[in-house]
Amino acid sequence: MEKEVKTAILNKKVLSWCIYDFAVSSYSSVIAAVIFPVYYANHIVGNHDGLGDLWWGRAIAVSMAVVALISPILGGIADYSGIRKRVLVFFTYLSAIAVFMFSFLKRGDIISGFFLIVLANLCMEAGFVFYNAFLPQITSKNYYGRVSSWGFGIGYMGSILSLIIALFIMEKWSVSFVWISVSLFILIFSLPLFIFLPEDERLEGFFTSSKKGLFLMIANLKKIIKEKELRRFLAGYFFYADGVNTVIVFSSIFAATTLGFKTHEL
């Protein structure tokens, strides 16, 4: 039994799936939670009158709203067209490129910074739709929970390491190099997943799969409306998750602006 568990968990597909969480957790910690929110609000926008908070909130709200609207359709397209892996690669690398472009932002680049944040966050969150969808393809149902927890754990290790690297870079060089390091961190450590994941199998054309994906989304919405427990769960989770996400993306700005935390204290 123990050997069976090790075989189910410790294989190339599973390990590379977990390492992807390690890679993108650098975005979650450095860009979304700790360092970049303060940099954008205080340095790029200027936050003496709360304007930095406002623009950061707008960028996150717009990106998450777009993700909420397009994810069901994108999921249907990926499922029916058989391009799930390619879509994941596209969103991951586009997000990494947008993060790399942060290094060119200067004080007062409010609008360009806004659009880069929207692009980076939208692509990162949309990519998770396809990343999570690979779980049934890399392990059996009996090990979903174990493999998922491995991903979570390794992901937090990525968060810790990327924050340590960011602190080192800021002490030795410029904060602009932090965004480059995060971009490279994502690109390098996501490679194993793209190498070892099952290859896409072309099923149907883009427009046909888009149409089927849209119909599937409508059918699922009707099902949710009819099922009381599912409806309650999703509504509760929606408000809970968004509440937690709001706290996370504003926590460092609050700590820096209101409590006066320095960068290493953050």
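Residues numbered from 1 in each chain as written. Predicted model: local features only at pLDDT ≥ 70, side-chain atom pairs only at ≥ 80, totals over all residues. Heavy atoms only, no water.

Draft legend 1. Quick peek at the packing of helix α3 (residues 36-45) against helix α11 (residues 228-257). Where α3 contacts α11, the axes come no closer than 8 Å and their chain directions differ by 55°. Judged on the interaxial angle alone, α11 and α3 are oblique. Two packed elements cross with a definite hand, and for α3 against α11 that hand is right-handed. In this structure, α3 uses Pro37, Val38, Ala41 and Asn42 to contact α11, whose residues at the interface are Val249, Ser252, Ile253, Ala256 and Thr257. (Axes fitted to C-alpha atoms, helices over the stretch in contact; angles between N-to-C directions. Helix = DSSP H or I, 4+ residues; strand = E, 2+ residues; numbered from the N terminus. Parallel < 35°, antiparallel > 145°, perpendicular 65-115°, else oblique. Left-handed = near helix turned anticlockwise from the far one by under 90°. Contact = heavy atoms within 4.5 Å.)

Draft legend 2. Examining a nonpolar patch on the surface more closely. Judged by side-chain polarity, Leu230, Phe233, Leu234, Tyr237, Tyr240, Val244 and Ile248 come together as a nonpolar surface patch covering roughly 660 Å² of accessible area. Among the secondary structure elements, Tyr240 is positioned in helix α11. Accessibility expressed as a relative area gives 54% for Tyr240, which makes it exposed. (Patch = residues over 30% accessible without salt bridge, like charges linked within 9 Å, V, L, I, M, F, W, Y side chains within 5 Å. Areas by Shrake-Rupley, 256 points an atom, 1.4 Å probe, with all protein chains shown as cover. Salt bridge = Lys/Arg side-chain N within 4 Å of Asp/Glu carboxyl O. Buried < 20%, exposed > 50% of the residue type's maximum accessible area, 1.4 Å probe, protein only.)

Draft legend 3. Region of interest: the environment of Gly155. Tracing the backbone through its elements, the reader meets Gly155 in helix α8 (residues 144-172). In this structure the C-alpha to C-alpha distance between Gly155 and Ser26, which are 129 residues apart in sequence, comes to 8.5 Å. Look past the residues within four positions of Gly155 in its chain and what remains in contact with it is Asp21, Phe22 and Ser25.

Draft legend 4. Fine view of the confidence of the model for the chain. Taken as a whole, the chain shows an average pLDDT of 84; of its residues, 93% reach a score of 70 or greater. Mean pLDDT across the elements of the chain bottoms out in helix α1 (residues 2-9) (50) and peaks in helix α9 (residues 176-196) (93). (pLDDT = per-residue confidence, 0-100.)

Draft legend 5. Examining the packing of helix α4 (residues 51-81) against helix α6 (residues 110-133) more closely. Axis separation between α4 and α6 bottoms out at 8 Å; the angle between their running directions is 35°. The chirality of how α4 crosses α6 is right-handed. Partitioned by chemical class, the residues of the contact of α4 with α6 number 20 nonpolar, four polar and two charged. (Nonpolar A, V, L, I, M, F, W, Y, C, P; charged D, E, K, R; others polar.)

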